[in-house]
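Chain by chain, the residues:
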Amino acid sequence: MNPPVVPLRPRSLAVLALGSLAGLMMFVWPLLVRVPDSAQVIAPPFLFLALLPLVIVVVLAELSEGGMDARVLAILGVLAAINAVLRGLSAGVAGVELVFFLLILAGRVFGPGFGFALGCLSLFASALLTAGVGPWLPYQMLASGWVGLGAGLLPRRVTGRAEIAMLVGYGIVAAYAFGILMNLSGWPFLVGIEVPGHGGALSFVPADPVWDNLKRFAAYTLLTSTGSWDTGRAITNSVAIIVLGPAVLATLRRASRRVSISPAPAH
């Protein structure tokens, strides 16, 4: 069994859970808010765009204080820089994004808190390198953080080829989940979405029931990203983990033996 290198103390776990819950609410709030029947569109969440980075900063600050010493932070910085370069090189063309496979493997070795921090910092650093800073960035950071977090929560007793198979399966699920979340972050604010050959508009209707909007969103996602960007991302994750996963996992675990630490005591 391979325990996480950076364990989470209870307070850090609570902050991470609350921050993730707050972030999830910022993704799904248009589906939950009641609006007048006459409303045709809802305004973008400018308040949430200001609060979401604050939530991420609070969570990262707690994680760094609660178990990441200078050695772990150095590894975090190096991996975030590598991921930023990989994302810039792959550029996300047709869903080919190399950033996620390393994020998944690092989260697997170092644990959920480290994976969350690496996901957030990787997307932030790559946005600075590629001039990709915009209102979508906090959502990308949070969704990427969840990918690393989930990798750190996978069963620890699985090893060898079964571990690689598990990580491939997780990489596929994470690829589609990331696409769904990013679509959800912007879809409610797009107006007049119509796809040729598909009857009816696929736009969010503020006054309609949640189920009706979810059906429109599912159709929108299937027609615009599932078969292209998301599938390309899933294939990239699978191939990279199969081909490079064993060697990268071995390298990360060798590095982790020098930085294994215990949870910081609660104050």
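Details of the structure are given in the entry above.
Residues numbered from 1 in each chain as written. Predicted model: local features only at pLDDT ≥ 70, side-chain atom pairs only at ≥ 80, totals over all residues. Heavy atoms only, no water.

## Concerning the pattern of salt bridges
Now for step 1: Scanning the entire structure with this criterion turns up 6 salt bridges.
Now for step 2: Asp 212 is the salt-bridge partner of Lys 215, the closest N and O atoms lying 3.8 Å from each other. With Lys 215 and Asp 212 both in helix H8 (residues 210-256) and 3 residues apart, the pair spans about one turn of that helix.
Now for step 3: Exposure remark for Asp 212: the relative accessible area of 28% places this residue in the partly exposed category.
Now for step 4: Measuring nitrogen to oxygen at the nearest pair gives 3.0 Å for the salt bridge that ties Arg 233 to Asp 230. One end of the pair, Arg 233, and the other, Asp 230, are both in helix H8, 3 residues apart, so they sit about a helical turn from each other.
Now for step 5: Since its relative accessible area comes to 2%, Asp 230 is described here as buried.
Now for step 6: Taken together, the shared-partner salt bridges connect Arg 87, Glu 97, Asp 230 and Arg 233 into one network. (Salt bridge = Lys/Arg side-chain N within 4 Å of Asp/Glu carboxyl O. Helix = DSSP H or I, 4+ residues; strand = E, 2+ residues; numbered from the N terminus. Buried < 20%, exposed > 50% of the residue type's maximum accessible area, 1.4 Å probe, protein only.)

## A few points about the nonpolar core
Now for step 1: Core analysis: the largest hydrophobic core is formed by 61 residues, its most contacted members being Phe 27, Leu 79, Phe 101, Phe 114, Phe 116, Leu 118 and Leu 252.
Now for step 2: The set of elements that each furnish at least two residues to this core consists of helix H1 (10-32), helix H2 (46-65), helix H3 (70-90), helix H4 (99-110), helix H5 (112-130), helix H6 (137-152), helix H7 (160-186) and H8. (Core = buried A, V, L, I, M, F, W, Y, C linked by side-chain atoms within 4.5 Å.)

## Things to note about H6
Now for step 1: Relative to the 22 Å expected for 16 residues at 1.5 Å per residue, H6 spans 23 Å between its end C-alpha atoms, a close match to the ideal helical length.
Now for step 2: Most of H6 sits inside the fold, with 16 of its 16 residues counted as buried. (Expected span 1.5 Å × (residues − 1).)

## A closer look at the packing of H1 against H7
Now for step 1: Where H1 meets H7, the closest approach of the two axes is 9 Å, and the angle between their N-to-C directions is 55°. The angle between the axes of H1 and H7 places the two elements in the oblique class. Seen along the crossing, H1 lies across H7 with a hand that is left-handed. Facing Phe 27, Val 28 and Leu 31 of H1, the residues of H7 in contact are Leu 181, Leu 184 and Ser 185.
Now for step 2: In the contact of H1 with H7, the residues fall into 5 nonpolar, 1 polar and no charged. (Axes fitted to C-alpha atoms, helices over the stretch in contact; angles between N-to-C directions. Parallel < 35°, antiparallel > 145°, perpendicular 65-115°, else oblique. Left-handed = near helix turned anticlockwise from the far one by under 90°. Contact = heavy atoms within 4.5 Å. Nonpolar A, V, L, I, M, F, W, Y, C, P; charged D, E, K, R; others polar.)

Any functional reading would require information beyond the geometric quantities listed.
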